[in-house]
Amino acid sequence: MIVSFVNLKGGSGKTTLCVNVAGEIARVTKQRVLIFDLDPLHASKRWYEIRLRVRPPPKLEIIVSYLDVKKYLPTKNEIRSKSARYPFVLLDGAAGDTHISNAALNMSDLVVIPTMPDDLTFNGTEKTLEVIKTPPPNVTRPVPWIVVITSYDQRIGIAHDYERNKIRLAWQERVLTPVVRELAAFKEAMRRGLTVVELEPNGQAAQDIRPVTAAIVRRANASAR
Ligand SMILES: Nc1ncnc2c1ncn2[C@@H]1O[C@H](COP(=O)(O)OP(=O)(O)O)[C@@H](O)[C@H]1O
Ligand SMILES: [Mg+2]
């Protein structure tokens, strides 16, 4: 199963969602999860390097592999054979680069488009969907996609509610019901090479990641069939 986190907009929450969903899948399935970092800036690889230095070390249930995609873009079959031992492979996508995003899209059983409730990210999601909906000629099957609302802040009230409703109205049942709130724990966990569940197992961020991960896995299973 290959699930990618893609949005052409940088800073839309791809890496944050990707590593935390990986941690939660690993925790629930008790199997290792492989992340391929497709971003030339290598945010998830950096997170992983910090993680390997954490004492005491967290369980090695997430493996981050880095691909120098500017030099070489692996094919779907290469990714599949490299990752054959992993039931779940997550691709952390790159901003801006439709070439890399296209490659990620074509390899995926499911594409997750993290979308923050602001106008710029909404625009990024629209552009990403244009790429998804105009696949290159060698691609025969339309790739299933979903939108996850992330960095939702209740305190911002009307502004975020307005944007959240706009996202739901635009993409309807493609938008997951559970949302990821804007919480300091996401930044803190990233900084320390941890997942939010490792940082605070019963914290608000963990409470958000659990249902979102379950919904992603459900949709991925449905689309892989
Ligand atoms: N749920 C969240 N709560 C708080 N901050 C978040 C959340 N999701 C992402 N961020 C912050 O937003 C910024 C961009 O997130 P990131 O995951 O790096 O996006 P991308 O990978 O799409 O560039 C980072 O500073 C990250 O810490
Ligand atoms: Mg990133």
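Rules behind the numbers
Residues numbered from 1 in each chain as written. Chains lettered and ligands numbered in written order. Predicted model: local features only at pLDDT ≥ 70, side-chain atom pairs only at ≥ 80, totals over all residues. Buried ≥ 20, exposed ≤ 12 C-beta atoms within 10 Å, placed from the backbone. Helix = DSSP H or I, 4+ residues; strand = E, 2+ residues; numbered from the N terminus. Pairing = 2+ DSSP bridges. Right-handed = clockwise from strand over helix to strand, strands pointing away. Near = placed C-beta within 6 Å. Nonpolar A, V, L, I, M, F, W, Y, C, P; charged D, E, K, R; others polar.

Colleague: Go over the pairing of strand S5 (residues 110–115) with me, naming the residues and quoting the values.
Modeller: With six of its six residues buried, S5 lies for the most part within the structure. With burial as the criterion, each face of S5 is covered, one bearing Leu110, Val112 and Pro114 and the other bearing Val111, Ile113 and Thr115. Pairing of strand S1 (residues 2–5) with S5, which is carried by three bridges, proceeds in the parallel orientation. The residue bridging Val3 from the neighbouring strand is Leu110, located in S5. Sheet analysis places S5 next to strand S6 (residues 145–149), joined by five bridges and oriented parallel. Across the sheet, the residue bridging to Ile113 is Val147, located in S6. For the handedness criterion, the β-α-β arrangement of S5, helix H5 (residues 119–133) and S6 is classed as right-handed.

Colleague: Can you lay out the site of ligand 1 for me, pointing to particular residues and giving the numbers?
Modeller: As a matter of local geometry, ligand 1 sits amid 18 residues, with Gly11, Lys14, Thr15, Thr16 and Phe186 nearest to it. Secondary-structure elements contributing two or more residues to the shell around ligand 1 are helix H1 (14–29) and helix H7 (184–191). Among the residues making up the shell around ligand 1, the classes are represented as six nonpolar, nine polar and three charged.

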